[in-house]
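# Observations on chain architecture
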Amino acid sequence: QLQNKILILTICAAGIGGTFQYGYNISIINAPASYIQMFMNTTWLERVGVPLESNVILLLWSFTVSAYPLGGLTGAVVAGPMAIVLGRKMSLLLNNVFVIIAATLSGSSRMAKSFEMIMLSRFFTGVNAGVSMNIQPMYLAESAPKKLRGAVALTSASFTALGLVLGQVVGLRELLGGEESWPFLLASNVVPALIQLTALPWFPESPRYLLIDRGDKESCISALQKLRGTSDLSAELEEMLAEQAAVKGQKAKNPWELFQNPALRWQLVSIVVLSSAMQLCGNDSMYFYAAYVFREAGIPEDTIPYVVIGTGSCELITSVTCNMIIDYAGRRPLLLGGYIFMAGWAIVFMVALSQQTQISWMPYLSMACIFAYILSFGIGPAGVTGVLPTEIFDQMSRPAAYMICGSLLWFNLFLVGTAFPFIVKSLAHFCYIPFLVVCVCTALYVWFFLPETKGKSFLEISEEFRKRNFKTKTRAGFYKGPEEIKTTTL
């Protein structure tokens, strides 16, 4: 039981300064939006004696918001080399430097009368999130035993949702969301960073990284003993040694090398489709709509922030539920179910929005749709997408795969954030049609092309994809009887 505790504490130490920051920093910027815009105006007035026009304020605000995904994209690109050169654990520790810089900038921005410092701080916050979104699931999945690998890697999604909810709570007017305290709200992300810097050094590095990348068998055994205890390690060590032999003589790959390698064709297509769909499915846009729909449903203006916390809590509840069932249900059913339900709710949501003013109970149906959509996203796509690159790529391709994944994730977040107001303007109540198409297409891809990875070793998964990538060459020996047909769901 002690070893289970060590694994749980490792997950918490990695998560609190890792993907927790992604969710937390997405939600803390919403509460002080109007105060920061006022601060931009008064600062400019003091500098040049002329107030800013409203469209210029809006432009400066959109730059501030966009700095976060831009930083995230930068973080995703540097995460791969960091994971290879510094190791998984050291990268997570060093990553906190970006948050400390960001907190210093945003915390002192009002004192320095500089709104540019807020923009810069959002960029550094984004870099931190970009690095942790890539390295944390990699670190945890490589440290977990095979039978718990999905659940352990999926905690990254639970920490994102926890960050989202805590950010919404801390951003309430009664806490740090008031006019006087917003610089402290933006700087509060330094607290999780300091917790991680204190806790994570006590826990081991990824055993797989130590053995396969560093060739350090002694440190690998020591890390495994810390994580697993005195239980028999021979089977797990044997599997790692087999993987080490399989990649012997290879060096860590660059992202462009993955695109050139025919042996990685289907793995690459899978992560490109799923990483893009995660942002293009419209889940984040549901938060954009939440306040409007709640207002239409007759919820008093001053209680809306509390109801919005309910939307974040939905994602937290489902990601924790998904954690418990992923290693029983498997990856495919959760992804498939999530996207099918989201497609269904998108249709109901558009109908409800179009009838919002005609039928008195429609706003309540819209409210139900928002919660149902977020629940559907949380049960599958939110977490499983981050687990897959670890499972379907080998040790040498994994950091590059996460760089591609992360870059797509942040680029699409930026794209949806920029395009969504225009989509709403042009399509009005039917603004969810593009998201509906994405959900349907992704569900079809998962159904036809994605194999199940539950309970399989990394080598078994690689072999399964090898058969898909070179189907014609291995067609004769492809079917091995009912057992294989059942598990590969072809």
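Keep in mind that what you see is a predicted model, and the values were worked out from it rather than measured.

In this section: the overall build of the chain. Regarding its fold elements, the chain presents 25 helices and zero strands. For 490 residues, the compact-globule formula gives about 23 Å, and the C-alpha radius of gyration of the chain, at 23 Å, lands near that figure. Its C-alpha atoms give the chain principal-axis dimensions of about 70 × 50 × 45 Å. Evaluated residue by residue, the chain yields a buried proportion of 55% over its 490 residues. In the chain, the proportion of contacts linking residues at least 24 apart, taken out of those at least 6 apart, comes to 82%. As presented, the chain carries roughly 20,600 Å² of accessible surface, and 70% of it is formed by carbon and sulfur atoms. Taking the average place of the 35 positive charges on the side chains of the chain and the average place of its 31 negative ones, the gap between the two points comes to 7 Å.

Angle between the axes and distance between the axes: these two values describe a pair of packed helices. Between helix α4 (residues 54-85) and helix α21 (residues 398-427), the shortest axis-to-axis distance is 8 Å and the interhelical angle comes to 180 degrees. What the angle tells us is that α4 and α21 run roughly antiparallel. Here α4 contributes Ser66, Tyr68, Pro69, Gly72, Leu73, Ala76, Val77, Gly80, Pro81 and Ile84 to the contact with α21, which in turn contributes Pro399, Met403, Gly406, Ser407, Trp410, Phe411, Leu413 and Phe414. When grouped by side-chain class, the residues that make up the contact of α4 with α21 number 13 nonpolar, five polar and no charged.

Remark: helix α2 (residues 19-28) packs on helix α8 (residues 149-170), axes separated minimally by 6 Å, with the N-to-C direction vectors making an angle of 30 degrees. Here α8 runs roughly parallel to α2, going by the angle between their axes. Crossing of α2 against α8: the hand is right-handed. Contacts between α2 and α8 involve Thr19, Phe20, Tyr22, Gly23, Tyr24, Ile26, Ser27 and Ile28 from the former and Ser156, Phe159, Thr160, Leu162, Gly163, Leu164, Leu166, Gly167, Gln168 and Val170 from the latter. Class assignment for the residues of the contact of α2 with α8 results in 10 nonpolar, eight polar and no charged.

Right, let's talk about the layout of surface pockets for a bit. The gaps left among the atoms become clear once a water-sized probe is rolled over them. Here the second largest pocket defines a volume of roughly 270 Å³. Forming the walls of the second largest pocket are 17 residues, and the residues nearest its centre are Ala263, Leu264, Gln267, Asp394 and Ser462. Among the secondary structure elements, those contributing two or more residues to the lining of the second largest pocket are α13 (234-246) and α23 (458-469). Among the elements that make up the lining of the second largest pocket, the one with the highest residue count is α23 (five residues).

To continue, consider the environment of Ile101. Structurally, the position occupied by Ile101 is in helix α6 (residues 96-107). A C-alpha to C-alpha distance of 7.2 Å links Ile101 and Ser121, two positions 20 residues apart in sequence.

With that out of the way, let us pick up α23. Over its 12 residues, α23 runs 16 Å from end to end, which matches the ideal 16 Å to within 8%, given 1.5 Å per residue. Turning to α23, its buried residues are Phe458, Ile461, Glu464, Phe465, Lys467, Arg468 and Asn469.

Further remarks concern unusual backbone geometry. Notably, Lys113 is not glycine yet its phi reads approximately 50 degrees, a positive angle. Relative to the elements of secondary structure, Lys113 occurs in the loop between α6 and α7 (116-143). You can call Lys113 partly exposed: its relative accessible area is 45%.

Segmentation of the chain into domains returns domain 1 (1-203) and domain 2 (257-471). Just the C-alpha atoms count here: the centres of domain 1 and domain 2 sit 21 Å apart. Residue-level contacts link 41 residues of domain 1 with 44 residues of domain 2. With both sides pooled, the region where domain 1 packs onto domain 2 buries about 3,300 Å², and carbon together with sulfur makes up 67% of that total. Considering only the side of domain 1, the residues that lose the most area to domain 2 are Arg149, Leu154 and Gln168, jointly responsible for 18% of the buried surface there. Between the two partners, domain 1 and domain 2, sit two salt bridges.

In the structure shown here, the tally under the stated rule is two cavities of 30 Å³ or more. In this structure, the largest cavity encloses a volume near 40 Å³. Together, Asn25, Ile28, Ser106, Ser121, Arg122, Thr125, Leu186 and Asn189 line the largest cavity. Contributions of two or more residues to the lining of the largest cavity are made by α2 and α7. Class assignment for the residues of the lining of the largest cavity results in two nonpolar, five polar and one charged.

We now examine a nonpolar patch on the surface. Residues Val85, Leu86, Met90, Leu94, Val97 and Ile101 make up a contiguous nonpolar surface patch of roughly 490 Å² in combined accessible area. Within the residue set of the nonpolar patch, elements represented by two or more residues are α5 (88-94) and α6. Its location among the elements puts Leu86 in the loop between α4 and α5. When its relative accessible area of 32% is taken as the criterion, Leu86 is described as partly exposed.

What follows covers helix α19 (residues 362-379). With 18 residues, α19 extends 26 Å between its outermost C-alpha atoms, agreeing within 8% with the 26 Å of an ideal straight helix rising 1.5 Å per residue. Turning to α19, its buried residues number three or more, namely Met362, Pro363, Ser366, Met367, Cys369, Ile370, Ala372, Tyr373, Ile374, Ser376, Phe377 and Gly378.

Another aspect to go through is the packing of aromatic side chains. For the structure shown, the criterion picks out 11 aromatic pairs. Ring geometry for Tyr68 against Trp410: centres 5.5 Å apart, planes inclined by 80 degrees, an arrangement best described as edge-to-face. Taken together, the positions of Tyr68 in helix α4 and Trp410 in helix α21 put the pair 342 residues apart, joining distant regions of the chain. Here Tyr373 and Tyr432 contribute two aromatic rings whose centre-to-centre distance is 5.6 Å and whose plane-to-plane angle is 85 degrees, an arrangement assigned as edge-to-face. In this pair, Tyr373 sits in helix α19 while Tyr432 sits in the loop between α21 and α22 (433-449), placing the two residues 59 residues apart along the sequence. Per residue, the accessibility class of Tyr373 equals that of Tyr432, and both read buried. Here Arg122 stacks its cationic end above the ring of Tyr68, 4.6 Å away from the centre of that ring.

Let us look at the side chain of Asn323. Note on placement: Asn323 falls in helix α17 (residues 304-329). Taking the relative accessible area as the measure of exposure, Asn323 reaches 15% and is therefore buried. Look past the residues within four positions of Asn323 in its chain and what remains in contact with it is Ala151, Leu154, Thr155 and Ser158.

The rules behind these values
Residues numbered from 1 in each chain as written. Predicted model: local features only at pLDDT ≥ 70, side-chain atom pairs only at ≥ 80, totals over all residues. Heavy atoms only, no water. Helix = DSSP H or I, 4+ residues; strand = E, 2+ residues; numbered from the N terminus. Rg over C-alpha atoms; globule rule 2.2 N^0.38 Å. Buried < 20%, exposed > 50% of the residue type's maximum accessible area, 1.4 Å probe, protein only. Contact = heavy atoms within 4.5 Å. Areas by Shrake-Rupley, 256 points an atom, 1.4 Å probe, with all protein chains shown as cover. Lys, Arg positive; Asp, Glu negative; His and termini not counted. Charge placed at Lys NZ, Arg CZ, Asp CG, Glu CD. Axes fitted to C-alpha atoms, helices over the stretch in contact; angles between N-to-C directions. Parallel < 35°, antiparallel > 145°, perpendicular 65-115°, else oblique. Nonpolar A, V, L, I, M, F, W, Y, C, P; charged D, E, K, R; others polar. Left-handed = near helix turned anticlockwise from the far one by under 90°. 1 Å grid on protein atoms, 1.4 Å probe; cavity = no way out; pocket = protein on both sides within 12 Å on 5 of 7 lines; lining within 4 Å. Points joined across faces, edges and corners; volume = space filled by probe spheres on them. Expected span 1.5 Å × (residues − 1). Domains from an automatic or database assignment. Buried area = accessible area lost by both parts, 1.4 Å probe. Salt bridge = Lys/Arg side-chain N within 4 Å of Asp/Glu carboxyl O. Patch = residues over 30% accessible without salt bridge, like charges linked within 9 Å, V, L, I, M, F, W, Y side chains within 5 Å. Phe/Tyr/Trp six-rings, centres within 6.5 Å; stacked < 30°, edge-to-face > 60°. Lys NZ or Arg CZ within 6 Å of the ring centre and 35° of its normal.

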